[in-house]
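# A closer look at the structure
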2 protein chains.
Amino acid sequence: MNAATRSPQPPLTRSVEDYLKSVFHLTSQGGFATTSDIAEMLEVAPPSVSGMMKRLSETGLIEHVPYRGVQLTPQGRRAALQMIRRHRILESYLTSKLGYDWGDVHVEAEQLEHAVSEKLIERMADALGEPRYDPHGAPIPTAAGEIEEAELVTLADIAVGSSVVLREVGDENTERLHYLAEQGLIPGVQLTVIDRQPFNGPTIVRLGDGTTRVVGQELALLLFCRPVDGE
Amino acid sequence: MNAATRSPQPPLTRSVEDYLKSVFHLTSQGGFATTSDIAEMLEVAPPSVSGMMKRLSETGLIEHVPYRGVQLTPQGRRAALQMIRRHRILESYLTSKLGYDWGDVHVEAEQLEHAVSEKLIERMADALGEPRYDPHGAPIPTAAGEIEEAELVTLADIAVGSSVVLREVGDENTERLHYLAEQGLIPGVQLTVIDRQPFNGPTIVRLGDGTTRVVGQELALLLFCRPVDGE
DNA sequence: TTTGAGATTTAGGCTAGCCTAATGCCCTGT
DNA sequence: ACAGGGCATTAGGCTAGCCTAAATCTCAAA
């Protein structure tokens, strides 16, 4: 009997929870999460990642292919989704019930997600009416560990002339989020791409109210859209 | 320049926060907190406490008199009161806003108090209307670090025939708290001591509604009362 | 096919915080 | 006055998680 099949599991540490989340995000498009990508995301040195990957594969949370990278096992994925649910419910609660600005919730949720009980998260979810999306438009995994996989395209990829709905802002930076909110670029808003400058230049969009915005390439890559008609 | 005067302070660890809280509680009647009392309260071995006391006195949070015990410095007291404010605001919020039972809040708050920001605590306090007491009747320190020092007497010390108001339940045990709530023994209730059995036997009290309760010595020591007339 | 840049892993070391075992101090009771 | 019990401290060791430096692997380009 190896470590992966031993039971019951000890509770995960804060550090392990963070590694699992990183691997989840880095593998969301399929493939492997590399050591250096994880290191960069968590702001640790690459050897720290190698060491942790060793421990996590011994406990059966990830699959490690040496020199290639890692993927989550079903068990690791479950744990990661639980953390993401916690994070997004917390962000939603802080925004709806405690007057937090959507730019400030990420940092606070990042700390709280390691300390809250399942019970507390479910009470918050209940108080909010079981929200399906967080304040940035990201889907909230269910308590059962299912997450919506939507096909979203970044604003930078939308053809000139197309109309789309902004569904998700894939950013965590407080200042950028404040700026986007000022500009009215928040989930749910309808956009028409009326022009785009060449050489990865900015995209010019018209909002529902007829006003226009100039969105730089870097920001446009963080704005995920869906066709205006689809569900 | 020694460590105590160096600035700025690094953030306190979870462990340090717990030690400071313990010392605060153990010295609330004055005097020193002993190594073994702290060890028992935190469920660690006495040498772990000695080691931590060494570190904490180097950072100027406590005053350590070898073989005697420790006391908080003004700086340590400030940090301890901040943790107690966090804990009690959290307990109040969970009870008022998320439907927690007063027996269950302690465990949850114990985890959260290390993860919440000042900002979040103040938003919760604001949402609650700046409460002065937690669900168990314990006074909540102000954001400025002041705490009410009330002269309370345990029910076991109240003379037969006296009427008192139950002000605080000094317990954290879930089951005992559930039991007390069932019995109607919650802060604010008025009690008249109508009898007491000899040899540290139970106290018999009459509640406002005329019903009576038999309160064992052990529980009576946890029920803090004030005279019925005073503010 | 070989080579070398870049990524990864291994080696070795550090700190915080915990432990047990051994030692030292204090103080009371004889 | 001092012996001994009980508490506190020191000594020494462990793990998790981080680090830097050194060794190793991979793969693309020459």
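Heads up: these notes are all about the structure in this document.

Rules used throughout
Residue positions are given per chain, counting from 1 as you read along its sequence in written order. Lettering for chains starts from A, numbering for ligands starts from 1, and both go in the order in which the items are written. Predicted model: local features are reported for residues with pLDDT of at least 70 only, side-chain atom pairs are reported and counted for 80 or more only, and whole-chain, interface and lining totals are derived from all residues. Only hydrogens and water are removed before side-chain values are computed, so all heavy atoms of the structure are retained for them. Nine residue types can take part in a nonpolar core, namely buried Ala, Val, Leu, Ile, Met, Phe, Trp, Tyr and Cys, and a core is a set of them joined through side-chain atoms within 4.5 Å. Relative accessibility decides the category of a residue: with a 1.4 Å probe and only protein chains considered, values under 20% of the type maximum give buried, values over 50% give exposed, and everything between is partly exposed. Helix numbering and strand numbering both begin at the N terminus, where a helix is a DSSP run of H or I of at least 4 residues and a strand a DSSP run of E of at least 2. Note on contacts: a residue pair qualifies if any of its non-hydrogen atoms lie within 4.5 Å across the two residues. We superpose the copies by least squares over the C-alpha atoms of residues that have a pLDDT of at least 70 in both of them. Throughout, the term near means that a residue has one or more heavy atoms lying within 4 Å of the molecule or strand in question. Under the rule applied, a polar contact is a pair of N or O atoms within 3.5 Å (in protein, one hydrogen donor and one hydrogen acceptor; residues adjacent in sequence only if both atoms are side-chain atoms). The nonpolar class holds Ala, Val, Leu, Ile, Met, Phe, Trp, Tyr, Cys and Pro. Asp, Glu, Lys and Arg form the charged class, and all remaining residues, Gly among them, are polar. Whenever a carboxyl oxygen of Asp or Glu lies within 4 Å of a side-chain nitrogen of Lys or Arg, that contact is scored as a salt bridge. Definitions used for this entry: grid spacing 1 Å over protein atoms alone; cavity, a set of points where a 1.4 Å probe fits but cannot get out; pocket, an open set with protein on both sides within 12 Å along at least 5 of 7 lines; lining residue, one with an atom within 4 Å of a point. Grid points are joined across faces, edges and corners, and a volume is the space filled by probe spheres set on the points. Lines are fitted to the C-alpha atoms to define the axes, a helix being fitted only along its stretch in contact, and any angle between axes, read from their N-to-C directions, falls within 0 to 180 degrees. Roughly parallel here means an angle under 35 degrees, roughly antiparallel means over 145, roughly perpendicular means 65 to 115, and every remaining angle is called oblique.

This part is about the nonpolar core. Residues Leu98(A), Leu112(A), Leu120(A), Leu98(B), Leu112(B) and Leu120(B) are the most contacted members of the largest nonpolar core, which totals 33 residues. Listing elements by their share of this core, those giving two or more residues are α4 (74-97), α5 (105-112) and α6 (118-128) of chain A together with α4 (74-98), α5 (105-112) and α6 (118-128) of chain B. Ignoring any residue separated from it by four or fewer positions in sequence, one finds Leu112(A) in contact with Leu90(A), Leu94(A), Leu112(B), Ala115(B), Val116(B) and Leu120(B).

This part is about the relation of the copies chain B and chain A. Relative to chain A, chain B is turned by 180 degrees and slid 0.0 Å along the rotation axis, the superposed coordinates differing by an RMSD of 0.0 Å. The symmetry that links the two subunits is that of a two-fold axis. A share of 100% of the interface residues of chain B reappears at the interface of chain A, consistent with the copies meeting face to face through the same patch.

Taken together, 20 residues surround DNA strand D, and among them Thr13(A), Ala45(A), Ser48(A), Arg68(A) and Ser36(B) come closest. Backbone atoms, meaning sugar and phosphate, form 78% of the atoms of DNA strand D found within 4 Å of the protein. The contact in question runs from a phosphate oxygen of DNA strand D to an N or O atom on the side chain of Ser15(A), over 3.3 Å. The separation between a phosphate oxygen of DNA strand D and a polar side-chain atom of Arg55(A) is 2.8 Å. Sorting the residues of the surface near DNA strand D by element identifies α1 (14-26) and α3 (46-58) of chain A together with α2 (35-42) and α3 (46-58) of chain B as the ones contributing at least two each. Looking at which element gives the most residues to the surface near DNA strand D, the answer is α3(A), with 4 residues. Considered class by class, the residues forming the surface near DNA strand D number 10 nonpolar, 8 polar and 2 charged.

Here we take up the protein's contact with DNA strand C. Close contacts around DNA strand C come from 20 residues, with Ser36(A), His64(A), Thr13(B), Ala45(B) and Ser48(B) the closest. Per the 4 Å cut-off to the protein, sugar and phosphate atoms form 77% of the nearby atoms of DNA strand C. In the model, a phosphate oxygen of DNA strand C is placed 2.8 Å from a nitrogen or oxygen of the Ser50(A) side chain. The contact in question runs from a phosphate oxygen of DNA strand C to an N or O atom on the side chain of Ser15(B), over 3.3 Å. Secondary structure elements with two or more residues in the surface near DNA strand C: α2 (35-42) and α3 of chain A together with α1 (14-26) and α3 of chain B. In terms of residues, the surface near DNA strand C owes the most to one element, α3(B), which gives 4 residues. Residue composition of the surface near DNA strand C, by class: 10 nonpolar, 8 polar and 2 charged.

For the rest of this paragraph, the subject is the interface of chain B and chain A. Taken together, the 18 residues of chain B in the interface contact 18 residues of chain A. The interface formed by chain B and chain A holds 2 salt bridges in total. The shortest N-O distance in the salt bridge between Lys119(B) and Asp104(A) comes to 3.3 Å. In this structure, the connection of chain B to chain A is made through 11 residue pairs in polar contact (both at pLDDT 80 or more). Contributing elements (two or more residues each) for the side of chain B that touches chain A: α4, α5 and α6 of chain B. Among the elements that make up the side of chain B that touches chain A, the one with the highest residue count is α6(B) (5 residues). In terms of residue class, the side of chain B that touches chain A is built from 10 nonpolar, 3 polar and 5 charged.

This part covers empty space enclosed by the protein. Counting across every chain of the model gives 2 cavities of 30 Å³ or more. Here the largest cavity is characterised by a volume of approximately 90 Å³. In terms of lining residues, the largest cavity is bounded by 15 residues, among which Leu112(A), Met124(A), Leu112(B), Leu120(B) and Met124(B) are the most central. Elements that contribute at least two residues to the lining of the largest cavity include exactly α4 and α6 of chain A together with α4 and α6 of chain B. Looking at the lining of the largest cavity residue by residue, the classes come out as 15 nonpolar, no polar and no charged.

Turning our attention to the packing of α1(A) against α3(A). Residue and element names in this part refer to chain A. Axis separation between α1 and α3 bottoms out at 11 Å; the angle between their running directions is 95 degrees. Our classification of the angle between α1 and α3 gives roughly perpendicular. Contacts between α1 and α3 involve Ser-15, Val-16, Tyr-19 and Leu-20 from the first element and Ser-48, Val-49, Met-52, Met-53 and Leu-56 from the second. A breakdown of the residues in the contact of α1 with α3 according to their chemical character gives 7 nonpolar, 2 polar and no charged.

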